[in-house]
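Listed here are the chains, written in short residue letters.
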Amino acid sequence: MEYSGQKFDVIVIGGGVMGSSTAYHVAKRGYTTLLLEQFDFLHHRGSSHGESRTIRATYPENYYLGMVVEAAKLWEQVQSEVGYKVYYKTPQFDMGPSDDKSLRCVIANCESYSMPCRVLDPAQVSDHFSGKMAVPDNWIGVLTELGGVIKPTKAVSMFQTLALQNGAVLMDNMEVKDIKKDDGGGIVVHTSNGAKFCGKKCVVTVGAWMKKLVKTVSGPLLPVQPIETTVCYWKIKDGHHGEFTIESGFPTFASYGEPYIYGTPSLEFPGLIKIAVHGGHSCDPDKRTWGPPASLESLKQWIEGRFSGLIECTGPVAIQSCMYSMTPDEDFVIDFLGGELGKDVAVAGGFSGHGFKMAPLVGRTLAEMVLDGEAKGVELKHFRLARFEGNPKGNVKEFADQVSHCKHRE
């Protein structure tokens, strides 16, 4: 094996968006970096593929808002280095019952952060969208400027390209089976094809496979449940295609309550708009069904009620399967693994279907953790593994209406 005798400063396991971003940040700082991926690079078997993810700062949890603001700046910085766009800006529109606790927390967080937001009643919603969108009488809308679409596969490729340009070594089809302490200090990574790689530090970002790998490596069972979810694309009626595009100013959007629904403007497929339910069913990432969701009735009814008859709601014209890695509280896991591996191995996972937008910030944070021993500028107390000790539900939320293991958010 060509690199088996080399000791890398950092070995990153997992070539999705989080691992690729981490490899980029480590290599950019001048450290020798190895990125290992168990499948082909840019595969469609995990959580980092496809054509669109939303970026929004409208979170009920106040600790995410500042992270999104910083991540948005980093997306612009990184895409300027590679020379093409992965971040397409458009406003964010949230809607839901006027008494929804999560939505009320969103408004309060925007106000406390001095982030401009407009709270619209149903008549104002209809006026703002020129009749294209409507909400019930007891609902409100919340319009904020920090929104947009991230192109996922293109973004992963961007981080990998920049990692390579900064000297990183990238190897795919390298399934990691174990991570051991090295007698001489550092760690040794073992792969299923018999290869061994030595590193001073290691970062594990394997998405839906996190629970399996960490159990093998160190014993503890992380509360990270893989969820198979389905993204749906719906046909915009003829004569209205241009009204739902980013170019026309149509926003990324989310609807609070049950079910929680999210979507993006028409971008990747002309004449189609992405509208999906944030949820799915538990799965083994190696034994997925790849099938359509069990029922779309509530989503069809929502589309019929929101889009003034301009979207064909009889059924989606295209579907794509993806995976979430859910924690009980839907907060991330970003921490050192501890135990025998101590601070030599950092783990990041459980991004719960809403972490992609944070990728450049998560990568920078993980690089700082393994290179400097701590992260700067990001408060990680909500993401510690210790929050689950004696408390399987994790962080306590004041808006329990939105946090439930199989009622998931975008």
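Rules used throughout
Residue numbers restart at each chain and count upward from 1, following the sequence in its written direction. Whole-chain, interface and lining totals are the exception, using all residues; otherwise, since this is a predicted model, local features are given only for residues with pLDDT of at least 70 and side-chain atom pairs are given and counted only at 80 or more. Excluding hydrogens and water, the side-chain figures rest on all heavy atoms present in the structure. Numbering of helices and strands runs from the N terminus, with a helix taken as a DSSP run of H or I at least four residues long and a strand as a DSSP run of E at least two residues long. Burial classes: relative accessible area under 20% of the type maximum marks a residue as buried, over 50% as exposed, and values in between as partly exposed (1.4 Å probe, protein chains only). Only heavy atoms enter the contact rule, under which two residues are in contact if any of them lie within 4.5 Å. The predictor rates its confidence in each residue with pLDDT, a number between 0 and 100. Between N-to-C directions, angles cover 0 to 180 degrees, with each direction set by a line fitted to C-alpha atoms, over the stretch in contact for helices. Angle categories: roughly parallel below 35 degrees, roughly antiparallel above 145, roughly perpendicular from 65 to 115, and oblique for all the rest. For any pair of crossing helices, the crossing counts as left-handed if the nearer helix is rotated counterclockwise from the farther one by less than a right angle, and right-handed if it is rotated clockwise. For this classification, Asp, Glu, Lys and Arg are treated as charged, while Ala, Val, Leu, Ile, Met, Phe, Trp, Tyr, Cys and Pro are nonpolar and the rest, including Gly, are polar. A helix's residues, less one, multiplied by 1.5 Å, set its expected span.

**A short note on the environment of Ile236**
Right, on to step 1. Note on placement: Ile236 falls in the loop between β13 (225-235) and β14 (252-255).
Right, on to step 2. Taking relative accessible area as the criterion, Ile236 reaches 0% and is therefore assigned buried.
Right, on to step 3. Those residues in contact with Ile236 that lie beyond four places of it in its chain are His241, Phe244, Ser266, Gly271, Leu272, Ile273, Leu310 and Ile311.

**Some words on the confidence of the model for the chain**
Regions with low pLDDT carry predicted coordinates that are not meant to be interpreted in detail.
Right, on to step 1. Chain-level pLDDT for the chain is 94 on average; 96% of the residues reach the 70-or-more range.
Right, on to step 2. Confidence over residues 401-410 falls short of pLDDT 50; this stretch has 49 contacts with residues more than four positions distant or in other chains.

**Observations regarding the packing of helix α1 (residues 17-28) against helix α8 (residues 359-372)**
Right, on to step 1. Put simply, α1 and α8 touch, their axes get as near as 7 Å, and they point 55° apart. Considering the angle they form, α1 stands oblique to α8. Viewed along their axes, α1 and α8 form a crossing whose handedness is right-handed. Seen from α1, the contacting residues are Val17, Met18, Ser21, Thr22, His25 and Val26; seen from α8, they are Ala359, Pro360, Val362, Gly363, Arg364, Leu366, Ala367 and Leu371.

**Some thoughts on the packing of α1 against helix α5 (residues 152-165)**
Right, on to step 1. Contact geometry of α1 with α5 gives a least axis separation of 8 Å together with a crossing angle of 25°. The pairing of α1 with α5 is recorded here as roughly parallel in orientation. Judged by the sense of rotation from one axis to the other, the crossing of α1 with α5 is left-handed. For the pair α1 and α5, contact is made by Val17, Ser20, Ser21, Ala23, Tyr24 and Ala27 and by Val156, Phe159, Gln160, Leu162 and Ala163, respectively.
Right, on to step 2. In terms of residue class, the contact of α1 with α5 is built from 8 nonpolar, 3 polar and no charged.

**So, α8**
Right, on to step 1. Taking 1.5 Å per residue as the helical rise, α8 with its 14 residues ought to reach 20 Å, and the 19 Å between its terminal C-alpha atoms agrees with that figure.
Right, on to step 2. The buried fraction of α8 amounts to 12 of the 14 residues, a majority that puts the element mostly inside the structure.
Right, on to step 3. Residue Gly373 follows α8 closely and has a positive phi angle near 90°.

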